[in-house]
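# Inside the fold
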Amino acid sequence: SRADVERALAGASSSALRSATSSRSLRQAIAAAMSISNRDIPHYYLSKGIDMDAALRWLQETNAGRSIRERLLPVVLLIKATALALRKVPELNGYWKEDAFEAREEIHLGFAIALRRGGLVIPALHHADDRSLDELMTALHDLIMRARAGRLRSSELTDATMTLTSLGDSSVQTVCGVIYPPQVSLVGFGGIMDQACVVKGQLAVRPLVNASLAADHRASDGRRGALFLDSLNALLQEPEAL
């Protein structure tokens, strides 16, 4: 049942997570949650191609002279822009519980992390909208290391108010995700790829990323989802302001 899944995930302490990654119990709990999601949540999907030229140019300039450990990765721009876009569309940030939407003021982005032994965990980057890019980069590195070592805190496994999944290190163009209950939305990013597009009336080749939104139609509608993607796009065109 939904209650069984929520109890299994909420009870995942650090020691339980170590056991789960070896026994596959965590994967089974996630699989159960995804089955509930597909069955019970009326998903709608929207997608938008985002020009990353300005973002990547700014990133190259910012990383110049930094050590490898201090460099920012493109995904951290996606994380911060997603968090800020959620401020404009609060219907995507929160939970569907007991037949009602529960909006959350805090923005805790769940970040999907693949485990080396197989399986997936989605720990939360707390207060992602209030952190600087450097703080988010440090927090993301720490979260990935602890996730793969089985040292996540239970709050990190249950606090996420929206999930972000990125396949930026692959050749996949579009990610159509499944909402992780009781959340009401998920944003997915494919790889950043050179694609032909029209820029100011001229054909050009630009680095584009496809951003896709999966959202719960009980909590929001397509117009609000489109506003989120438009806001995300606008934020990524001014990376220096993130």
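Residues numbered from 1 in each chain as written. Predicted model: local features only at pLDDT ≥ 70, side-chain atom pairs only at ≥ 80, totals over all residues. Heavy atoms only, no water.

## Brief notes about helix α5 (residues 74-88)
In this model, α5 (15 residues) spans 22 Å end to end at C-alpha, consistent with the 21 Å of a helix rising 1.5 Å per residue. By the criterion of burial, α5 is predominantly enclosed, with 12 of the 15 residues buried. The set of residues buried in α5 consists of V75, V76, L77, L78, I79, K80, A81, T82, A83, L84, A85 and L86. (Helix = DSSP H or I, 4+ residues; strand = E, 2+ residues; numbered from the N terminus. Expected span 1.5 Å × (residues − 1). Buried < 20%, exposed > 50% of the residue type's maximum accessible area, 1.4 Å probe, protein only.)

## Structural notes on the packing of aromatic side chains
Counted under the stated rule, the structure contains zero aromatic pairs. In this structure, K97 is placed above the aromatic ring of Y95, and the distance from its NZ or CZ to the ring centre is 5.1 Å. (Phe/Tyr/Trp six-rings, centres within 6.5 Å; stacked < 30°, edge-to-face > 60°. Lys NZ or Arg CZ within 6 Å of the ring centre and 35° of its normal.)

## Some words on the confidence of the model for the protein chain
Put simply, the protein chain has an average pLDDT of 88, and 89% of its residues get 70 or more. Scored below 50 in pLDDT, residues 10-23 shows 22 contacts in the model against residues more than four places distant or in partner chains. (pLDDT = per-residue confidence, 0-100. Contact = heavy atoms within 4.5 Å.)

## Observations regarding unusual backbone geometry
In the segment running from P181 into P182, the intervening peptide bond is cis, with an omega of 10°. Its location among the elements puts P182 in the loop between β8 (162-166) and β9 (185-189). For H127, which is not glycine, the phi torsion reads 50° and is therefore positive. Although it is not a glycine, K200 sits at a positive phi angle of roughly 55°. Considering the arrangement of structural elements, one finds K200 in the loop between β10 (193-199) and β11 (202-216).

## What to know about the side chain of S185
Here S185 is to be found in strand β9. Engagement of the side chain of S185 in a polar contact is seen with the backbone oxygen of L92, the distance being 2.6 Å. If near-sequence neighbours (up to four positions away) are discounted, S185 is found in contact with L92, M162, T163, I179, L213, A214 and A215. (Polar contact = N/O pair within 3.5 Å; in protein donor to acceptor, adjacent residues only side chain to side chain.)

## What to know about the packing of α5 against helix α6 (residues 133-149)
Closest axis-to-axis distance for the α5/α6 pair is 10 Å, and the angle between their directions is 110°. One way to sum up the angle between α5 and α6 is to call them roughly perpendicular. Where α5 crosses over α6, the handedness of that crossing is right-handed. Together, V75, V76, L77, I79 and K80 of α5 and L133, L136, M137 and L140 of α6 make up the contact between the two elements. Its residues assigned to classes, the contact of α5 with α6 comprises eight nonpolar, no polar and one charged. (Axes fitted to C-alpha atoms, helices over the stretch in contact; angles between N-to-C directions. Parallel < 35°, antiparallel > 145°, perpendicular 65-115°, else oblique. Left-handed = near helix turned anticlockwise from the far one by under 90°. Nonpolar A, V, L, I, M, F, W, Y, C, P; charged D, E, K, R; others polar.)

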